[in-house]
Amino acid sequence: MPVMTPMQEPRSIMAPPPFRSFLVPGQLVRHPDHPEWGDGAVQSAIGERVTVMFPHAGKVMVNAMVVQLTVLS
């Protein structure tokens, strides 16, 4: 069994950097699975949570790690 020096850490305990969405309030986006919702305006983007106001669905919170919104502007 290899001996670990104090400067080494096992990779399993190293956390990945936090996810940050590139979307900003005011951007127009479209949900790829729900085009019938229309073109939505981003209201907020905090971490992976993006809140979008769609004209035909209202306010929707989208997990940006799961759904890749199409940027229109």
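Structure shown above.
All figures in this text were calculated on a predicted structure; none of them were measured in a lab.

*Asks:* I'd love a proper account of the pattern of salt bridges, names of residues and values included.
*Replies:* A pair can form between side chains of opposite charge whenever their charged atoms are brought close. Scanning the model with the defined rule gives 1 salt bridge in all. R30 is the salt-bridge partner of D39, the closest N and O atoms lying 2.7 Å from each other. For R30, a relative accessible area of 31% corresponds to the partly exposed category.

*Asks:* Kindly report on the packing of aromatic side chains, identifying the contributing residues and their values.
*Replies:* The geometry of an aromatic ring pair comes down to the distance between the two centres and the angle between the two planes. Evaluation of the coordinates by the stated rule reveals 1 aromatic pair. Taking 5.2 Å as the distance between ring centres and 55° as the angle between the ring planes, the aromatic pair formed by W37 and F54 counts as tilted. With W37 in the loop between strand 1 (28–30) and strand 2 (40–46) and F54 in strand 3 (residues 49–54), this residue pair connects regions lying 17 residues apart in the sequence. A relative accessible area of 1% places F54 in the buried class.

*Asks:* Before we move on, could you go through the nonpolar core and cite the residues and values that matter?
*Replies:* In summary, soluble globular proteins display a tendency toward joint burial of nonpolar side chains. Within the largest apolar cluster, 11 residues are counted, these being L23, V29, W37, V42, V50, V52, F54, V60, V62, V67 and L69. Breaking this core down by element, the ones donating at least two residues are strand 3 and strand 4 (58–63). The biggest single contributor to this core is strand 3, with 3 residues.

*Asks:* Let's hear about the sheet that holds strand 3: which residues, and what values?
*Replies:* Pairing is antiparallel in the open sheet, where 5 strands are placed in the order 4-3-2-1-5. For this open sheet the edge positions go to strand 4 and strand 5 (70–71), each flanked by a neighbour on one side alone. In the sheet, strand 1 pairs with strand 2 via 2 bridges, with the strands oriented antiparallel. In the strand pairing of strand 2, V29 is matched with G40.

*Asks:* Can you tell me about the pairing of strand 4, naming the residues and giving the values?
*Replies:* Summarising the sheet, strand 3 and strand 4 pair through 6 bridges and their orientation is antiparallel. Each bridged residue has a counterpart across the sheet, and for V52 the counterpart in strand 4 is V60. Hairpin connection between strand 3 and strand 4: a loop of 3 residues separates the two successive antiparallel strands.

About the criteria used
Residues numbered from 1 in each chain as written. Predicted model: local features only at pLDDT ≥ 70, side-chain atom pairs only at ≥ 80, totals over all residues. Heavy atoms only, no water. Salt bridge = Lys/Arg side-chain N within 4 Å of Asp/Glu carboxyl O. Buried < 20%, exposed > 50% of the residue type's maximum accessible area, 1.4 Å probe, protein only. Phe/Tyr/Trp six-rings, centres within 6.5 Å; stacked < 30°, edge-to-face > 60°. Helix = DSSP H or I, 4+ residues; strand = E, 2+ residues; numbered from the N terminus. Core = buried A, V, L, I, M, F, W, Y, C linked by side-chain atoms within 4.5 Å. Pairing = 2+ DSSP bridges.

From the geometry alone we can't say anything about function, so treat these as descriptive.
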